[in-house]
Each structure stands twice: as structure tokens, then as C-alpha cells.
Amino acid sequence: MATDIKDAAHAVDAAGIMRLLPTRPRLLALGEPTHREDALLDLRNELFRQLVQLVEEEGYRTIAIEIDCMAALVVDDYVTSGTGTLDEVMECGFSHGWGASAANRELVRWMRAYNDGRPASDRLRFAGFDGPLEIAGAASPRQALTALHAYLAARVAADLLPCTAETLDHLLGSDDRWTNPAAMTDPSESVGQSAEAGQLRLIADDLVALLDAQTPHLLAAASREDWDRARLYGRTATGLLRYHHWMADTSPARMTRLCALRDLMMAHNLLAIAARGPAFIHAHNSHLQREKSSMQMWQGPVEWWSAGALVSARLGEDYAFVSTAVGTIRHQGVDTPPPDTVEGVLYALPEDRCVIDARRLAVTLGDTRLVRRTSPWFGYASFDPAHLADSDGIVFVKDVPQSRRS
């Protein structure tokens with residue numbers, strides 16, 4: 001069996017990953033089992049560079065990662081047109097504190113250098129596909145709502161707008177009301193079901209409907225790029241208001257619903273990215289996998305359908321998911337994996353890095369009883385052997401060294 005498993009392993013490169021797939025997907029997703037490890041992000045960067053070169057004439061010109069979709073517009077402006085400075089972009093364009101990553105900085109620097117002097121149609125694009133959400137709460141809908149309103153106000157008759165900019169500002173109130181961190185664990189602290197929030201949900205819905213209804217005029221009056229951004233503002237505004245509404249919920253399903261709504265926002269962004277052209281996607285495995293995701297929260301376990309599951313259901317073979325598994329993260333206390341785990345089976349291979357045909361590996365292992373690896377560190381999610389065949393492939397990294405900071 002060891003020989004059969006070794007035969008299923010190949011060097012990690014873009015060409016090897018593409019050979020695992022029945023067709024070239026519009027969205028090629030690479031998951032990771034933990035965050036903030038530059039060795040995994042360096043591998044992501046390497047694969048994206050190879051994908052650009054491998055299918056330079058017809059494919060993967062966009063990379064989308066698990067950061068705030070609104071903040072990421074700052075990064076896209078920089079890599080496509082040189083707006084701002086690299087330091088400013090790393091500070092303002094990345095949520096979750098990920099602008100400090102040396103690997104993320106190198107990705108942005110390389111994309112800007114690649115695009116320099118190229119025509120717009122040939123430039124690489126950068127996108128975030130997460131909502132403006134953090135573990136401690138959600139952003140105010142102000143930025144997205146006011147940007148959408150301003151876009152429409154500049155292009156359609158004033159009497160078509162559901163409200164004025166002044167009314168919108170009054171209803172939004174102080175942003176501190178929306179971003180109160182206490183609201184994540186105490187629904188009574190949320191303003192998401194206030195009378196003002198209810199009015200804003202109706203206004204957001206009307207603004208999105210107006211955007212759709214005026215599409216022919218809007219595309220004639222300005223660029224498709226501006227229209228695409230306006231649609232992003234609309235998705236973000238409605239998604240945030242929906243999320244805030246359910247932050248104020250007191251039912252036992254509250255956290256399940258919030259986790260599901262976050263991934264729904266991700267899925268809507270991914271589908272919009274796919275409509276623009278083939279893209280390489282990177283995020284945590286739990287957001288990209290085809291099976292249900294789960295997490296232990298303070299009030300108990302929750303399960304929800306991931307963005308990957310939602311997108312896969314819509315796109316079929318136009319969505320591919322390659323998960324990443326790791327052997328050790330010793331600086332986090334994650335040591336050599338037991339041999340009766342997926343990671344342990346792969347750790348026995350001689351390669352430091354390899355890509356595995358996941359479905360072929362599942363057949364090779366047959367009735368071999370594998371268990372899910374347990375970890376002493378909450379920040380790492382091990383591979384579930386029950387879902388081995390649900391991935392199109394596995395990228396295995398034997399040992400993850402400690403990250404560097406930019």
C-alpha cells in the first residue's frame with residue numbers, strides 16, 4: 001500500500017494540480033488548515049505565479065483571498081494602477097491584521113511589478129471575498145451603503161432614489177453603535193433589529209433593485225468596472241445589514257445563522273468573481289470545502305454550509321477545491337502526526353511537499369481505519385478522513401516553519 005500511496009503523490013506545482021482536474025475550472029480554490037503561516041502563503045504565491053504563466057493567454061488573472069472585500073479594493077487599485085504606496089496598501093487593504101505578513105506583502109509587490117506597463121486587459125487583479133467581518137463583530141454598513149447611494153445619485157434621477165444622502169446618514173448614526181464588540185456575545189447590545197436598521201434594510205434593498213433596473217443606462221453612462229464595484233457595494237450593504245439583524249437574535253440558532261450568513265456573503269462574492277473570469281482562491285479549508293463546516297463556539301457546536309459548498313452546488317465542475325494538510329507546526333505545539341491519521345499517512349512519504357490525488361488516495365486506503373487527528377492548538381484544523389474523496393486534491397506540507405513578519 002505504501003508504494004501505491006507514493007505513486008499518487010507528485011511534486012507540488014500548478015501543472016500537477018491541473019492534471020488532477022477533469023476540466024479547467026473558473027474557480028480553483030486552495031485551502032489551508034491554519035492561518036498566519038507564511039510557509040503556506042509562500043506556497044500560495046508560488047502556485048499563483050505558475051498559474052499565471054501556465055495559462056497566461058486565457059486564464060487565472062485574479063487571486064482572491066479571505067479578507068474584507070471592501071478593504072481589498074485598495075489593494076486592487078494599487079496592483080492595477082499604482083494608486084498609493086505599498087506600505088499604505090498593506091496597512092489599509094488587509095483585514096484581520098494580515099497586512100503584517102511578509103508573504104502577503106511579497107504577493108502585492110510581485111503583482112504590481114507584473115502589471116507595470118501592461119494594458120488593462122492583461123493585468124492581474126486582486127480581490128477579497130470575505131465580508132467586512134471580524135471574530136469580534138461586524139463593520140458598520142455605512143461605507144457600502146453610502147458608496148452605492150453616491151454611485152446611483154450621480155447617474156440616475158433624484159426622484160428614483162429611495163432617500164437622500166442626509167437621510168441615510170441620519171439613519172446610520174454613529175458607527176460605534178454597529179461595531180460594538182459586546183454585541184457578538186450579547187444580542188441585547190446589537191442595533192441590528194432597531195427601527196433605523198429595519199429602515200436601512202429596506203433602503204438597501206431598494207438601492208440594489210434600482211441598480212439592477214438601471215443596468216443598461218448605467219453601463220452606457222460609466223464603465224463596467226464601476227458597475228461591478230457598485231454591485232459589490234450592494235452585496236456588502238445587504239449582507240451586513242442581514243448579519244447585524246441576526247446578531248440581535250436571542251434564539252439558540254443565532255451563531256449557526258451568523259456563521260452561515262458569513263459564508264453566504266463569501267459565496268456571493270466568489271460567484272461575482274467567477275463571472276468576471278477564472279480566478280485562484282485562497283482561504284481556510286473550512287470556507288472552501290464541499291462538506292458542511294463545523295466549529296465549537298461558546299454556546300456549543302455549530303454547523304453550516306461553507307462558501308465552497310454553496311459555490312460548488314452552483315458551478316459544478318467550474319469549481320475545484322484542493323485542500324492543504326500539514327505534518328507539523330512545532331512552534332505551535334503541533335508535532336509529528338499519528339500514523340492512523342491522513343496526515344500521518346502522508347508524513348511517511350519522503351517528500352517535504354507533494355500534491356496528492358485525494359480520490360485515488362481514498363481508493364488506495366480502502367477500508368483502512370483512519371481517525372481524525374487531534375491538536376493541542378485551537379488554531380489548526382486537521383483533515384477529516386471521512387471527507388477524503390470530497391477534495392479534488394491535497395497539497396501536503398510536511399513541516400511548517402515559524403513565520404517571518406514584514
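Residue positions are given per chain, counted from 1 along the sequence in the order it is written. Given that this is a predicted model, residues contribute local features only at a pLDDT of at least 70 and side-chain atom pairs are listed and counted only at 80 or more, while totals for whole chains, interfaces and linings are drawn from all residues. Side-chain figures throughout are based on the complete set of non-hydrogen atoms in the structure, without hydrogens or water.

You'll find the chain entered in an unreviewed UniProt entry as Erythromycin esterase family protein, with Streptomyces klenkii given as the organism.

**Section: the nonpolar core**
Residues Leu28, Phe48, Phe94, Val108, Met111, Phe126 and Val395 are the most contacted members of the largest nonpolar core, which totals 46 residues. Here a helix means four or more residues in a row that DSSP labels H or I, a strand means two or more in a row labelled E, and each is numbered from the N terminus. In terms of residues, this core owes the most to one element, helix H3 (residues 38-54), which gives six residues. Leaving out residues up to four positions away in the same chain, phenylalanine 94 has contacts with Ile65, Ile67, Val75, Val89, Gly99, Asn104, Val108 and Phe126. Side-chain atoms within 4.5 Å are what join buried Ala, Val, Leu, Ile, Met, Phe, Trp, Tyr and Cys residues into a set we call a nonpolar core. Each residue is assigned to one of three classes by its accessible area relative to the maximum for its type, calculated with a 1.4 Å probe on protein chains only: buried under 20%, partly exposed between the two thresholds, exposed over 50%. Core analysis: the next-biggest nonpolar cluster, separate from the first, contains 30 residues, Leu73, Trp178, Leu207 and Tyr233 among them. Contacts are assigned to residue pairs that have any heavy atoms within 4.5 Å of one another.

**Details of the pattern of salt bridges**
Side-chain pairs of opposite charge can arise where the charged atoms are in close proximity. What makes a salt bridge here is a side-chain nitrogen of Lys or Arg within 4 Å of a carboxyl oxygen of Asp or Glu, nothing more. What the rule picks out here adds up to 19 salt bridges. Linking arginine 229 and aspartate 76 is a salt bridge whose minimum nitrogen-to-oxygen distance equals 3.8 Å. One end of the pair, arginine 229, is in helix H12 (residues 224-247); the other, aspartate 76, is in helix H4 (residues 72-81), and 153 residues separate them in sequence. For the pair shown, arginine 229 and aspartate 76 are each scored as buried. Taking the shortest distance from any N to any O, the salt bridge between arginine 112 and aspartate 116 comes out at 3.6 Å. In the salt-bridge network here, residues are joined through shared partners; they are Asp76, Asp77, Arg125, Glu225 and Arg229.

**Focus on the packing of aromatic side chains**
Classification of ring pairs uses Phe, Tyr and Trp, with its six-membered ring standing for Trp, and accepts pairs whose centres are within 6.5 Å; under 30 degrees between planes counts as stacked, over 60 as edge-to-face, and the remaining range as tilted. Applying the stated criterion across every chain yields a total of five aromatic pairs. Centre to centre, the rings of phenylalanine 48 and tryptophan 110 are 6.1 Å apart; their planes meet at 80°, and the pair counts as edge-to-face. Placement of phenylalanine 48 in helix H3 and of tryptophan 110 in helix H6 (residues 102-115) is noted, with a sequence separation of 62 residues between them. Among the residues examined, phenylalanine 48 registers a relative accessible area of 0% and is labelled buried. Residue tryptophan 110 is classed as buried on the basis of its relative accessible area, which comes to 14%.

**Structural notes on the side chain of arginine 229**
Judged by its relative accessible area of 16%, arginine 229 falls in the buried class. Not counting chain neighbours up to four residues away, the residues in contact with arginine 229 comprise Leu73, Asp76 and Asp77.

**Quick notes on the pairing of strand S9 (residues 300-305)**
Any two strands are treated as partners once DSSP identifies two or more bridges connecting them. As defined by bridge partners, strand S8 (residues 292-297) adjoins S9 across six bridges and the pair is classed as antiparallel. Paired with lysine 292 across the two strands is tryptophan 305, which belongs to S9. Hairpin connection between S8 and S9: a loop of two residues separates the two successive antiparallel strands.

**Quick word on the sheet that holds strand S2 (residues 27-32)**
Judged by pairing direction, the sheet is mixed, and its eight strands sit side by side in the order S1-S11-S12-S10-S2-S7-S3-S4 without closing on themselves. One side of each edge strand has no neighbouring strand; the edge strands of this open sheet are strand S1 (9-10) and strand S4 (125-130). Relative to strand S7 (residues 279-284), strand S3 (residues 62-68) runs parallel, the two being bridged by four bridges. The residue of S7 that forms the bridge with isoleucine 63 is phenylalanine 280.

**Structural notes on the environment of alanine 29**
Tracing the sequence through the fold places alanine 29 in strand S2. Alanine 29 gets classed as buried once you look at its relative accessible area, which sits at 1%. Taking C-alpha positions, alanine 29 is 22 Å from arginine 109, a pair spaced 80 residues apart along the chain. With sequence-adjacent residues up to four places away left out, alanine 29 is seen in contact with Ile281, Leu288, Tyr319, Ala320, Phe321 and Val322.

**Digging into the side chain of asparagine 104**
Along the chain, asparagine 104 falls in helix H6. On the basis of relative accessibility, which here comes to 2%, the residue asparagine 104 falls in the buried class.

**Details of the packing of H3 against H6**
The interhelical angle for the contact between H3 and H6, taken along N-to-C directions, is 20°, at an axis separation of 8 Å. Relative to H6, the element H3 is oriented roughly parallel. As H3 runs across H6, the sense of the crossing is right-handed. Taken together, the residues of H6 that come into contact with H3 (itself represented by Asp38, Leu41, Asp42, Arg44, Asn45, Phe48, Arg49 and Val52) are Ala102, Ala103, Asn104, Leu107, Trp110, Met111 and Tyr114. Any residue outside Ala, Val, Leu, Ile, Met, Phe, Trp, Tyr, Cys, Pro, Asp, Glu, Lys and Arg is labelled polar, Gly included; the first ten of those are nonpolar and the last four are charged. When the residues that make up the contact of H3 with H6 are grouped by side-chain class, the tally is nine nonpolar, two polar and four charged. In this analysis an axis means a line fitted to C-alpha atoms, helices contributing only their contacting stretch, and an angle means the value between N-to-C directions, from 0 to 180 degrees. For this classification, under 35 degrees means roughly parallel, over 145 means roughly antiparallel, 65 to 115 means roughly perpendicular, and everything else is oblique. Each helix crossing is assigned a hand: it is left-handed if the near helix lies turned anticlockwise from the far helix by less than a right angle, otherwise right-handed if that turn is clockwise.

**Overview of the environment of glycine 131**
Structurally, glycine 131 can be placed in the loop between S4 and strand S5 (133-134). C-alpha separation for the pair glycine 131 and aspartate 68, spaced 63 residues apart in sequence, amounts to 5.1 Å. Setting aside its immediate chain neighbours within four residues, glycine 131 contacts Asp68, Cys69 and Met265.

**Let's talk about the packing of helix H8 (residues 165-172) against helix H10 (residues 195-213)**
Put simply, H8 and H10 touch, their axes get as near as 9 Å, and they point 140° apart. Overall, the two elements H8 and H10 adopt an arrangement that is oblique. Between H8 and H10 lies a crossing of left-handed hand. Only Glu196, Gln199, Leu200 and Ile203 of H10 make contact with H8, whose side of the interface consists of Leu168, Leu171 and Leu172. When grouped by side-chain class, the residues that make up the contact of H8 with H10 number five nonpolar, one polar and one charged.

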